[in-house]
Amino acid sequence: MRFEVDEDAAALREASDAVLSERATAAVIRAGWAAGAPAEVRGIWQALAGVGVAGALVPATAGGLGLDLNALPPVAERLGHCALPVPAVETLAVAAPLLAAAGHPGLPDVLSGVALVTAQLAASMSPGLLIPFGGVAEYVLLRADDGRLLLFERGELHAEPVPAVDASRHLARLRTQPARGALLAGPAGPAAEAAWQRGVVGTAAVLVGLADRMLSMTVGYVKSRRQFGAPVGSFQAIKHRLADALVSVEFARPAVLAAAWAQAAGAPDAAEQTSVAKVLASDAAAAVAGAAIQCHGAIGYTTEYDLHLYAKRAWALARSWGSADWHRRQLAQALGLKERGPDG
């Protein structure tokens, strides 16, 4: 099956790209690693919100664009390509549609980009939970032990900043279990599971964008770096390594589009297709990061080099919203496969 981005989704991607290409420079992204959210990063997010990114999946009657889930991968891939240090997937794919469905009063600020909202749905909200962007977001969406999705204002949570390899995600660790929160989705019904699945496919799309960025940086480098009188990109070992990396990206991209289509269409195997997309995207991003660092040689191993802005985000997201191994186990269960015992 061949997937093509429809007109509305393509227009949103192009509008986003216009903002990101002009303003989301590597220097601005690196500045986003500092404590807090720099004004430049907030300004870029508000500009993206102005063209409809934050409300892409929110109904038009609630102030959004009213697009379906097929619009998510193209714009999320562009956001991944620049590694903008904001909770983009958590906002547009997960929280904003839930806020709209619940009629939450904070929705206008989220849609305008004035307020950041993040989400952590992988585990219940017990002490010790790590929350991406928990140190900067005004709203935090968490999952209770009984499966309810609850929204908290940052002041309602006792969370402390945590150092991380990818400092741009501004991790915070929950110290005490919060007592209250605005209910956005109950334990029964499809809303909570659908929010999780949207987060997975959005993260997979971001990983494809990150992989594409690292690959393009590396191809440009090996074309210009010369050794023994020739570009290092002409060496067979380099060509084969980058060809393998390209194949992994090209296999992951349509899988992400297929997963989004399956979710939008309510396909019975949407969860399985979403797991496939996350496995391929996580593996591709990890493979490209390794190849990119190696092909850059000595400078690839220095954290001051811009490649690390994208590699470290890829390493973090490859394990977020379910690692590749976790999603492989989900697929195995769906296929009725059993884990091998010690005797094989």
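Everything below is about the structure shown above.
Residues numbered from 1 in each chain as written. Predicted model: local features only at pLDDT ≥ 70, side-chain atom pairs only at ≥ 80, totals over all residues. Heavy atoms only, no water.

*Asks:* Would you mind showing me how to read the nonpolar core here?
*Replies:* It is characteristic of soluble globular proteins that their nonpolar side chains tend to be buried jointly. In terms of nonpolar packing, the biggest core is built from 98 residues, with Trp 45, Leu 48, Leu 84, Leu 141 and Met 214 touching the most fellow members. Per-element tally for this core: the top contributor is helix 7 (residues 191–224), with 16 residues. Residues contacting Leu 84, with those up to four places away along its chain left out, are Ile 29, Val 41, Ile 44, Trp 45, Leu 48, Leu 79 and Arg 313. (Core = buried A, V, L, I, M, F, W, Y, C linked by side-chain atoms within 4.5 Å. Buried < 20%, exposed > 50% of the residue type's maximum accessible area, 1.4 Å probe, protein only. Helix = DSSP H or I, 4+ residues; strand = E, 2+ residues; numbered from the N terminus. Contact = heavy atoms within 4.5 Å.)

*Asks:* Just checking my understanding: could you explain unusual backbone geometry for this structure?
*Replies:* Among all residues save glycine, negative phi is the norm, and among peptide bonds the norm is trans. With phi around 45°, His 170 is a residue other than glycine that occupies positive phi space. On the secondary structure map, His 170 appears in the loop between strand 5 (159–161) and strand 6 (172–174). Residue His 170 is classed as buried on the basis of its relative accessible area, which comes to 11%. The phi dihedral of Phe 228 falls on the positive side, at around 55°, and the residue is not glycine. Within the secondary structure, Phe 228 is located in the loop between strand 8 (226–227) and strand 9 (230–231).

*Asks:* Help me out: how do you make sense of the pattern of salt bridges in this one?
*Replies:* Any two side chains of opposite charge can pair if their charged atoms end up close together. If you walk through the whole model with that rule in mind, you get eleven salt bridges. Two residues, Arg 78 and Asp 17, come together in a salt bridge whose shortest N-O distance is 2.3 Å. With Arg 78 in helix 4 (residues 72–82) and Asp 17 in helix 1 (residues 7–23), this pair connects stretches of sequence that are 61 residues apart. Assessed through its relative accessible area of 25%, Asp 17 is described here as partly exposed. When the shortest N-O distance is used, the salt bridge between Arg 30 and Asp 306 registers 3.2 Å. Taken together, the residues span a long stretch of sequence, with Arg 30 in helix 2 (residues 26–31) and Asp 306 in the loop between helix 9 (270–295) and helix 10 (307–318) at a distance of 276 residues. Three or more residues are tied together by salt bridges with common partners; here these are Glu 77, Asp 212, Glu 250 and Arg 253. (Salt bridge = Lys/Arg side-chain N within 4 Å of Asp/Glu carboxyl O.)

*Asks:* Which parts of the structure should I look at to understand the sheet that holds strand 3 (residues 139–143)?
*Replies:* Sheet strands line up and pair through hydrogen bonds in the backbone, either parallel or antiparallel. Spatially, 1-3-4-7 is the arrangement adopted by the four strands of the open sheet, whose pairing is mixed. In the strand order of this sheet, the two ends are held by strand 1 (117–124) and strand 7 (182–185), each with one partner. With strand direction ignored, the average angle separating the axes of adjacent strands in the sheet is 30°. Note that strand 4 (residues 149–153) and strand 7 share three bridges and pair antiparallel. Bridged to Leu 151 within strand 7 is Ala 182. Running over the sheet, helix 5 (residues 88–102) touches strand 1, strand 3, strand 4 and strand 7 and is turned about 95° from strand 1. Each of strand 1, strand 4 and strand 7 touches helix 7; the most contacted strand, strand 1, lies at about 110° to it. (Pairing = 2+ DSSP bridges. Axes fitted to C-alpha atoms, helices over the stretch in contact; angles between N-to-C directions.)

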